[in-house]
Amino acid sequence: MRKPLVAGNWKMNMDQNDVNAFVSEILDKISANDVDVMIAPPALFAAGMQKSFGDKIRVGLQDISAHDSGAYTGEISAEMAASASIQYAIIGHSERRTYHSENDHLINTKIQSAIKHGLVPVYCCGEKLEERESGNHKEVVISQISEALQGFSEDQLKDLVVAYEPVWAIGTGKTATSDQAQEMHEAIRNCLSELFSQAFAEKTRILYGGSCKPSNASEIFSQPDVDGGLIGGASLKVDDFLAIVEAAK
Ligand code: 13P
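What comes next concerns the included structure. (Residues numbered from 1 in each chain as written. Predicted model: local features only at pLDDT ≥ 70, side-chain atom pairs only at ≥ 80, totals over all residues. Heavy atoms only, no water.)

### Points about the overall build of the chain
Put simply, the test is: Helix and strand definitions here come from DSSP, where helices need a minimum of 4 consecutive H or I residues and strands a minimum of 2 consecutive E residues; each element is numbered from the N-terminal end. The size measure is the radius of gyration over C-alpha atoms, and the globule rule it meets is 2.2 Å times the number of residues to the 0.38 power. Contacts: residue pairs with any heavy atoms within 4.5 Å of one another. Every accessible area reported is derived by Shrake-Rupley at a probe size of 1.4 Å, with residue values counting cover from the shown protein chains alone.
Each helix and strand in the chain was counted, giving 11 helices and eight strands. Taken over C-alpha atoms, the radius of gyration comes to 17 Å for the chain, in line with the 18 Å a tight globule of 249 residues would show. Seen through its principal axes, the chain has C-alpha atoms that stretch 45 × 45 × 35 Å. Looking at the chain alone, contacts between residues at least 24 apart form 72% of all its contacts between residues at least 6 apart. Only carbon and sulfur atoms are counted for the fraction: they give 48% of the accessible area of the chain, which is about 11,300 Å².

### Notes on the site of the ligand
Quick reminder of the rule: To be near a molecule or strand, a residue needs just one of its heavy atoms within 4 Å of it. Under the rule applied, a polar contact is a pair of N or O atoms within 3.5 Å (in protein, one hydrogen donor and one hydrogen acceptor; residues adjacent in sequence only if both atoms are side-chain atoms). Nonpolar residues are Ala, Val, Leu, Ile, Met, Phe, Trp, Tyr, Cys and Pro. Charged residues are Asp, Glu, Lys and Arg, and all others, Gly as well, are polar.
Taken together, Asn9, Lys11, His93, Glu165, Ala169, Ile170, Gly171, Gly210, Ser211, Leu230, Gly232 and Gly233 form the complete shell of residues around the ligand. One of the side-chain N or O atoms of Glu165 is found 2.9 Å from an oxygen atom in the ligand. Here Gly171 contributes a backbone N or O atom positioned 2.6 Å from an oxygen atom of the ligand. A class-by-class count of the residues in the shell around the ligand yields three nonpolar, seven polar and two charged.

### Let's talk about unusual backbone geometry
Note the threshold: Using a 1.4 Å probe on the protein chains alone, a residue whose accessible area is under 20% of its type maximum counts as buried, one over 50% counts as exposed, and one in between counts as partly exposed.
With phi around 55°, Lys11 is a residue other than glycine that occupies positive phi space. In this structure Lys11 comes out as partly exposed when scored by relative accessible area, which is 22%. Even without being a glycine, Met14 presents a positive backbone phi close to 85°. With respect to the helices and strands, Met14 occurs in the loop between strand 1 (5–9) and helix 1 (16–29).

### Overview of the environment of Gln156
Along the chain, Gln156 turns up in the loop between helix 7 (137–148) and strand 6 (161–164). Setting aside its immediate chain neighbours within four residues, Gln156 contacts Ile115 and Gly151. At 2.9 Å, the side chain of Gln156 forms a polar contact with the backbone nitrogen of Ser153.

### Describing the pairing of strand 5 (residues 120–125)
Filter applied, for reference: Between any two strands, at least two bridges found by DSSP are needed for them to pair.
Within strand 5, six of the six residues are buried, which leaves the element mostly enclosed by the surrounding structure. Residue alternation in strand 5 divides its side chains into two sets, Val120, Val122 and Cys124 and Pro121, Tyr123 and Cys125, and both sets are buried. Of the strand pairs in this sheet, strand 4 (residues 88–91) and strand 5 are connected by four bridges, and their pairing is parallel. Note on strand 5: the bridge partner recorded for Ile91 is Tyr123. Here strand 5 pairs with strand 6 via four bridges, running parallel. Along strand 6, the bridge assignment pairs Val122 with Val161.

### Section: the environment of Ile107
Note that Ile107 resides in helix 5 (residues 104–116). Taking the C-alpha atoms as reference points, Ile107 and Ala148, separated by 41 residues in sequence, lie 6.0 Å from one another. With near-sequence residues (within four places) excluded, Ile107 lies in contact with Ile91, Gly92, Arg97, Glu102, Tyr123 and Ala148.

### Structural notes on the nonpolar core
Cut-off, in case you're wondering: Definition used in this section: a nonpolar core is a set of buried Ala, Val, Leu, Ile, Met, Phe, Trp, Tyr and Cys residues joined via side-chain atoms within 4.5 Å.
The biggest cluster of nonpolar side chains holds 66 residues, and the ones touching the most others in it are Ile26, Ile111, Ile188 and Phe221. Per-element accounting of this core gives the leading share, six residues, to helix 11 (residues 238–247). In contact with Ile188, not counting residues within four places along its chain, are Cys125, Val141, Ile142, Ile145, Val162, Tyr164 and Ile206. Among the nonpolar cores identified, the runner-up in size contains 13 residues, and Ala40, Ile90, Val120 and Leu207 belong to it.

### Quick word on the side chain of His185
Summarising the element assignment, His185 is placed in helix 8 (residues 178–195). Ignoring sequence-local partners within four residues, the contact set of His185 consists of Tyr164, Ile206, Leu207, Tyr208, Asp225 and Val226.

### Some details on the pairing of strand 8 (residues 228–231)
What counts, and what does not: Look down the strands so they point away from you; if going from the first strand over the helix to the second traces a clockwise path, that crossover is right-handed.
Burial along strand 8 is two-sided: the residues Gly228 and Leu230 and Gly229 and Ile231 are all buried. Sheet analysis places strand 1 next to strand 8, joined by four bridges and oriented parallel. Paired with Gly8 across the bridge in strand 8 is Ile231. Strand direction decides the pairing type here: strand 7 (residues 205–209) and strand 8, joined by two bridges, are parallel. In the sheet register, Gly209 faces strand 8, and the bridge partner there is Leu230. In this view, the connection linking strand 7 to its parallel neighbour strand 8 by way of helix 10 (residues 214–221) has right-handed handedness.

Here you go:
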């Protein structure tokens, strides 16, 4: 069966003092459980946090470069992340698509880079409000996935995590209903089955993201095709984040 994953995406929040306080509080409060827990802080803090967490919590990056090294000012490669014991990379977040013009072709090369260096890609997809309102939401997401995962073998993607994040639900307080989430997660799993195989689709974790919080996490996570969450705002407070981890058990 699929082991749930609850991942925090801190985005551009928290300074060094906040990080120190968060790390010691969560290490105090987290209990061993059947849920994988990952946090993606601003890259500056990632290696230090992974050292402090040991095996208890995995640390990820919020983005990686499509390149291994060279004259790419400001970028961080999958190779560098792996050398600092980072195991996950969020790729294709809608904020990267919107503010940095990332498209599924570039995202495909970033996934290649993650795989080459042994990072677990957390591939983000999701429709905009107007796409949902016009009834095209499934087509949009299926086409994002088909392009982003084009050219890979099932074996290369064996650790892939897909995060469905409807853009209209991110940071808005407006969550998808559990039915809307389930409908899309099922469509994503069917798409993975068509692109690869049913066995692959059945073992791939699909997370929900978008205004997920302690009060709605249990209901969303109870859907059969929802395998955990990618949490923004509610991952910044230890108690809220751990309550969501609990809800995924
Ligand atoms: P919020 O949980 O703040 O809506 O953010 C979701 C998200 O974008 C996680 O990647």
